[in-house]
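Residue strings, one per chain:
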Amino acid sequence: MSPLTAVLRRVVGLGAAVLLSSFAVFLVPFVSPGDPVRALLRARMDFGEADEATVQAYAEQFGLHDPMLVQFGRWLGRFFTGDMGLSHISGTPVADQVLPAIGVTLSLAGSALLVAILVSIFLGVISATHAGKWTDKLITSVTHALIAIPEYALAPLLVLLFAVRWSLLPSAGYDSPASLVLPVFILALRPISFFTVAVRSGVLQALDSEHVLAARARGLSRTQALTRHVVPHGLLPMWTMVGVWFAGLLGGSVIVEVIFAIPGMGRLIFDSIVDSDIPVAQGGVVVVVTCAVLVTGIIDLIHKLSDPTVRIGVRHG
Amino acid sequence: MNLGRLSVAASFAAVALALTACSSTATPAPDAAADAEARVVVANFRAPISNWALESDDAYVLSIAGCLETLTKYDQTEKKVEPMLATSWKQTSDIAWEFDLRKNVKFQDGTDFNAKAVANSLNHVLDATAPARAVNPKTIKKVEALDADTVRVTTPAADPLLPYRMASVNAGVLSGAAYTDKGIDPMNHCTGPFAPVSEKAGQSLTLDRNKNYWDGEVKLAGGEIRYITDGATRSTQVQTGEADISMSIPATSLATLEADEKISVLKADSPRTSTLYLNNSRAPFNKVELRKAATMALDLPAMAASIYEGAAQPATGPFAPSEPWANPDLAVPAVNIDEAKKLVEASGYKQEKPLEIIAITERAEFAGVGAIIQEQFKQIGLKANVVTKSYGAVEPDVLAGKYDMILSQRNRMIDIADPIGFLQADYTCEGGYNLSHYCNKDYDKLISQAMGEKDETKRHDIYRKAGDILAKDAANVWLVNEQAIDGVGSKVQGYVQDPLTRYVLTKDLAKTK
C-alpha cells in the first residue's frame, strides 16, 4: 500500500469514527427517560422545578424542539465549518471547554503511558531474562495483582498515605507537576500490568527466535543481543496495546479526574452527558476520537520502526 | 456529579481516613494575631458552569468568594433581613418598593455603584431565558432607577417578601462593564471585599483584597475558591491543610475530621429534609391511615444515627426545629408497630403486589435508607421493593402521579430565607412541584393568606399552622433534617458558617501565620 493510500484510509476511518461516535452521543437524550431540557435547567439551578413556560423558552432558544435528524444535521453542518456549536448550559463555544480539557487529559494520559511503558520494559525484560526464578514470579504476581485493584479503591489509599500522613504530595488539583504524580501513577498501574505481561512474553519469544540465535552465533554478546535484537523485537506486542490504552485513557479516566479534581476530558464528557449538554459531549467525543486515531497512527509508525525484521529488511511470510 | 463508584470511593476513603486519623498530630489552636498577608483557600462543592450567569447557581460561587453583593442581606443568626448595598427600603404601594442605595460605594473597577447599575443587573436576570427562582418576571415586574441613589422595584402582585428576594444571590449587582457580548465577566466588577483576578477553568477562582471596600478593612490579602465536587476530596484538602475551609463535608468523613484536633467541624441545620414522598393521589397512600402507619413504622433516630452517621437529625415534621416557623411542640414520631398495624387494617388496604420505593441515584445514601424502610415496613405487613433511578429519569412519572413512594429531598429556602415558595409549590393543590400530589383546601387558604401577610411574626404563625396541617395529614414521612457541615482549619479566624451557603470569604475572615 502506498503511503498516500494509507493516509487516505486513515482519514476516511477517522471521519467514520467521528460521525458514528458523535451520533451515538447525540442519541443519548432521545433514548433516555426524562426531559433533557429540564436536565439542562437542573444543571444551571440545582435541584428543583422549572415551570413549563421556562422549559419551552429554553428549548426554543437552542432549537431543541426540532426533529432529531434536523438537530443532528444542524450540528454536522456547523462541524464541517469548524464550529462545534454552543454549550446548552453556559451558552459559550464548545471549543472553549473542550480544548483546555483535552490538553489536561493528553498530559495526564501521555504521562501515565510514558511511565507505564518505561516501567513495563524494565519489569518485562527482567522477568523474561529471569524466567522461572523468584524475581520473575514476584513481578508476575505483583503485576497480576495490580490488574485487580480498582482505581476508586487505590486512589483514596494513596492520597491518605502520600498527602495526609506523609505530606509529600498534594491530595488534588492540577496546578503543579507534583499534583500529577498520584493520578499519573494510578492511571499507569493497569497498563503496567498488561504491558509487563506483553513485554515478558515478547522477549521470551525473541530469545528463542532464529535471528537472535543467528546474531549470537555471529559473536554478539548476550547484552548486545538483548539490546539490539531481543528487546526491540520483544516490545512489539506492547506497542500494539499502547494505542488502545491511550484511546481508553483519553475519555475513560473520569474516576481519577473526579477524585483528584482534575478538569480533564473524561469528566467533561461524563458531566455533559449526565446534564444533557449534548454539544459539549459531542465536541468532546470528536476531539477524543481524533486524538485517538492520530496517536494510534503515530504508534503504528513507532511499531513498524521498532520491528527489527523491517529494519533489517526481512519480509514477513 | 452522579457516579456510583464515587460513593464506593468515599467509603474506601472513610475507612482509610479512620486508619490514619490516629496518627494526626494534635496542635493547639494558635493564639496569634491575624496575618495581613494571609490568603484563605476554600474547597467549594460547586463549580461554576453557566458562564457566570447571575440567574444560575454560579451566583453562589461569586457570593461565597466575597465578590458579589446584594441590596439586602439575610442575617442567619438574627433571622432577619438587613441592609447591604441598600441602606433602607420602604413599600410605597401594594406593588412597589423603593430602595435607598448606599452612597460612596464603588465597583472594584473604579466605577460608581448607583441605581442605574442596580437596574441593569436585575433586569439582566429578569430578561434571562431561564430566570432565577427568586428573581423572575413572576415575582418582579419592573426595576427602574428613580435617581442616582434610589431604585424602584415593581411586583406583579403584593409581595411582602421582596426584601428577602433582594437578598438572593441571583439579585447580585455587577458593574456595567461585566456584561459583555460573550457573557458575564466578573473580574474586578463586583462591590464585595474580594475582587476576582483570575480563574483556572474548572479548577479555581483567585481573589485579591478590595482595598477600597465600602465596609472597611478587609483582613485577608486574598483567597482562592477551589471547585471540588467530590466530598471525600474536600475533606482530605482540609485535613492536609491544602484548604483552610472545606464546605459540605460528607457524613462518611465526619468522624475522622471530628477526631482531628487541627480541624473545627461546624454543623448547622440545613434547610433540607430527606423525605419519603408518598403519592397521595392514588391507592394505597390516598388513605391518611396508611400514611400515618408508614410514619409510625419508621425508626427515624436509628436512621439518622446509622445511615447518616450523626450528620442529620431525626425530623419532627416538615420544618427543622431551629426554623422560626417550626412548631416547637412537634416531637420525633415514635415507633408504634401495634398502632401502625391497626391503621393499616383501618385503611382497608389489601396488598396484592409489593409497593415501589424509588431511591434517586443523585443521593447515594438513599439506597441504604430505602433498604431500612423496606425492612421496617415488613413489621406492619407492607411489602416494598427499592429501585434506584436517576431523578431526571423518574421526574415526569412522579410529577404525573405515577409512583408509590420516592426518596428525595428539597431545599425549603430556595434562594430566599423564607419557606413560602416551598410551601406553595410543594403542597398546594395547584403547586408546580407537588410531588406527593397532596391537596387540602384549608392548607391552600393558609398559604394564600401568608402570601399577602406583611407582618413577619404573623406570617411565621401561618407557616406553623400550615406545617401542622401537613403533619396531621401525614402528607409525607419527613425522615431526617440534614446538617450543613464545614471543616475549618485551626489558623482560620472569624468564620461564620452559613447553612444557606452564600457567605464564606468576608471582610472579617482572617488567618494567623
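What you are looking at is a predicted structure, and each value in this text was computed from that prediction instead of being measured.

Turning to the overall build of chain A, a few remarks are in order. Per the secondary structure count, chain A includes 15 helices and 0 strands. When the backbone C-alpha atoms are referred to their principal axes, chain A occupies close to 85 × 55 × 30 Å. Taken across its 317 residues, chain A has 43% of its residues classed as buried. Put simply, 72% of the contacts in chain A that link residues at least 6 apart link residues at least 24 apart.

Further remarks concern the nonpolar core. Side chains of a nonpolar character, in soluble globular proteins, are inclined to be buried together. One finds Val42, Ala65 and Ile245 of chain B to be the most contacted residues of the largest nonpolar core, which totals 239 residues. Per-element accounting of this core gives the leading share, 16 residues, to helix H8 (residues 177-207) of chain A. Ile245 of chain B has contacts with Val40, Val42, Val238, Asp486, Val488, Val492, Tyr495 and Val504 of chain B, leaving out every residue within four places of it along the chain.

In this section: the sheet that holds strand S5 (residues 96-101) of chain B. All names here are of chain B. With respect to topology, 4 strands assemble into an open sheet ordered S4-S5-S7-S6, the strand pairing being antiparallel. One side of each edge strand has no neighbouring strand; the edge strands of this open sheet are strand S4 (86-93) and strand S6 (142-147). Here the average twist between neighbouring strands, direction ignored, is 25 degrees. Here S4 pairs with S5 via 6 bridges, running antiparallel. Following the sheet pairing, Lys90 is matched in S5 by Glu98. Across the face of the sheet, helix H3 (residues 115-126) comes into contact with S5, S6 and strand S7 (150-154) while running at roughly 175 degrees to S6.

Residue and element names in this part refer to chain A. By the assigned domains, chain A splits into domain 1 (3-94) and domain 2 (95-306). Contacts between domain 1 and domain 2 engage 25 residues on the former and 20 residues on the latter. Elements represented by at least two residues in the side of domain 1 that touches domain 2 include exactly helix H1 (3-31) and helix H2 (36-44). For the side of domain 1 that touches domain 2, the element with the most residues is H1, which contributes 11 residues. A breakdown of the residues in the side of domain 1 that touches domain 2 according to their chemical character gives 17 nonpolar, 7 polar and 1 charged.

With that settled, consider the interface of chain A and chain B. Counting residues at the interface gives 46 residues for chain A, matched by 43 residues for chain B. The leading source of residues in the side of chain A that touches chain B is helix H7 (residues 151-165) of chain A, at 10 residues. In the side of chain A that touches chain B, the residues fall into 28 nonpolar, 10 polar and 8 charged.

Residues and elements named next belong to chain A. It is at 10 Å that the axes of helix H5 (residues 94-129) and helix H11 (residues 236-252) come closest, and there the two elements cross at 150 degrees. Put simply, H5 runs roughly antiparallel to H11. Crossing of H5 over H11 shows right-handed handedness. Contact residues: H5 offers Thr105, Ala109, Ala112, Leu113, Ile117 and Ser120, while H11 offers Met238, Val242, Trp245, Phe246, Leu249 and Leu250. Here the residues of the contact of H5 with H11 are counted per class, giving 10 nonpolar, 2 polar and no charged.

Residue and element names in this part refer to chain B. Each assigned domain of chain B is listed with its residue range as follows: domain 1 (8-18 + 271-483) and domain 2 (73-175). In this structure, domain 1 and domain 2 have C-alpha centres spaced 34 Å apart. Contacts between the two partners involve 11 residues from domain 1, matched on the other side by 13 residues from domain 2. Grouping the constituent residues of the side of domain 1 that touches domain 2 by class yields 5 nonpolar, 2 polar and 4 charged.

Moving on to the pairing of strand S14 (residues 263-278) of chain B. As defined by bridge partners, S14 of chain B adjoins strand S19 (residues 476-489) of chain B across 12 bridges and the pair is classed as antiparallel. Paired with Val265 of chain B across the strands is Gly487 of chain B, a residue of S19 of chain B.

Per-residue confidence for chain B gives a mean pLDDT of 91; residues scoring 70 or more make up 94%. Here the prediction assigns the complex a pTM of 0.86, and the interface score ipTM is 0.83.

Rules of the game
- Residues numbered from 1 in each chain as written.
- Chains lettered and ligands numbered in written order.
- Predicted model: local features only at pLDDT ≥ 70, side-chain atom pairs only at ≥ 80, totals over all residues.
- Helix = DSSP H or I, 4+ residues; strand = E, 2+ residues; numbered from the N terminus.
- Buried ≥ 20, exposed ≤ 12 C-beta atoms within 10 Å, placed from the backbone.
- Contact = placed C-beta atoms within 7 Å.
- Core = buried A, V, L, I, M, F, W, Y, C linked by C-beta atoms within 7 Å.
- Pairing = 2+ DSSP bridges.
- Axes fitted to C-alpha atoms, helices over the stretch in contact; angles between N-to-C directions.
- Domains from an automatic or database assignment.
- Nonpolar A, V, L, I, M, F, W, Y, C, P; charged D, E, K, R; others polar.
- Parallel < 35°, antiparallel > 145°, perpendicular 65-115°, else oblique.
- Left-handed = near helix turned anticlockwise from the far one by under 90°.
- pLDDT = per-residue confidence, 0-100.

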